[in-house]
Amino acid sequence: MANRREIVKRRTAVRNIRKITRTMQLIATARYQTAYKRAAATKPYSEKLAEMVANLARASAGLEHPLMAEPQTTERSALVVITSSRGLCGGYNSNVLHRAVEHIDRQAADGVTTDTIMVRKKGINYFDFVEREMAETLTDITDMPGFGEVEPLADRLMERFVAGEVGSVYVAYMHFYSTARQRPEVVQLLPLAWEAAAEEREGEGDEEGDAAAVREVEFEFSPAPQEILDELLPASVRMRLYQAFTEAAVSEQMARMVAMKQATDAAEKKIKQLTREYNRARQTAITMELLDIVGGASALA
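Keep in mind the model is a prediction, meaning the values are calculated, not measured.

Draft legend 1. Looking closely at the overall build of the protein chain. Broken down by element type, the protein chain carries seven helices and five strands. Tracing the protein chain from N to C terminus, the helices and strands come up as α-β-α-β-α-β-α-β-β-α-α-α. Relative to its full complement of 301 residues, the protein chain shows a buried share of 37%. Within the protein chain, contacts between residues separated by at least 24 positions form 78% of all contacts whose residues are at least 6 apart in sequence.

Structure follows, in structure tokens:
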């Protein structure tokens, strides 16, 4: 059995670790609340923008735009992978990266070369470790970025697509559904398809909503539909990419909160275990001392 002094030192160390993990859990909880409010605030705008694009496309038959056109090349694609700058968030990064690698390998099997744009350190370090090529690395985008940080990236992607450098653009991130459900996904940003903007949100919708979705509506446009589309489509791409970043931020903080809660619970269990070991060691020491006293008294009798 371990020495009592060693047990006390180990128990003190575990208690210090518990303090750290509990503090990190509280910090992650506060950041989660901030990130969730931001994602919840931007989602209605993103959905309404997509709805407007869908309605405009339905009402204007034959309307064309470079962002909705058939790709000029099918041999090259771009993939934005959103990871975190820090660890201690469970399987958050590994799940996103695994999903991204699956997509890259599937594209390669179809003869498509993927230009990977890796966001933040964890993804960059992983791709360096497994010796996978990256077309671009971004470390200056914060954990909870503002729209102005994401907009230049979206503009560069649209420019590359319109110029024919890439035939499609995707983003890999952790999609936030609820506090109990987050799932790594690869979503296509370009080319835009208005049908995708009109699809139902998973787990939502009713018969009345379905009827409204197919109801014929007549529109009067001012300015012309093409001018409106020229403004709406780039805005839609920027907003969809920004929404991916905001949901990734919520998922990251949720994963870190859960990971630190599990670490704190594990520390609690370890402290109880060490306390039992200390008590047993102390009882054994007392018993041995009593036996020594009884043995000495018997020898003097």
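Draft legend 2. The arrangement of the pairing of strand 1 (residues 76-82) in detail. Of all seven residues making up strand 1, six are buried, and the element is well covered by its neighbours. As defined by bridge partners, strand 1 adjoins strand 2 (residues 113-119) across seven bridges and the pair is classed as parallel. Bridge pairing links Ser77 to Thr114 in strand 2. On the question of chirality, the crossover connecting strand 1 to the parallel strand 2 by way of helix 2 (residues 92-109) is right-handed. Pairing geometry for strand 1 and strand 4 (residues 169-178), over four bridges, is parallel. What sits directly across from Val80, in strand 4, is Val171.

Calculation rules
Residues numbered from 1 in each chain as written. Predicted model: local features only at pLDDT ≥ 70, side-chain atom pairs only at ≥ 80, totals over all residues. Heavy atoms only, no water. Helix = DSSP H or I, 4+ residues; strand = E, 2+ residues; numbered from the N terminus. Buried < 20%, exposed > 50% of the residue type's maximum accessible area, 1.4 Å probe, protein only. Contact = heavy atoms within 4.5 Å. Pairing = 2+ DSSP bridges. Right-handed = clockwise from strand over helix to strand, strands pointing away.

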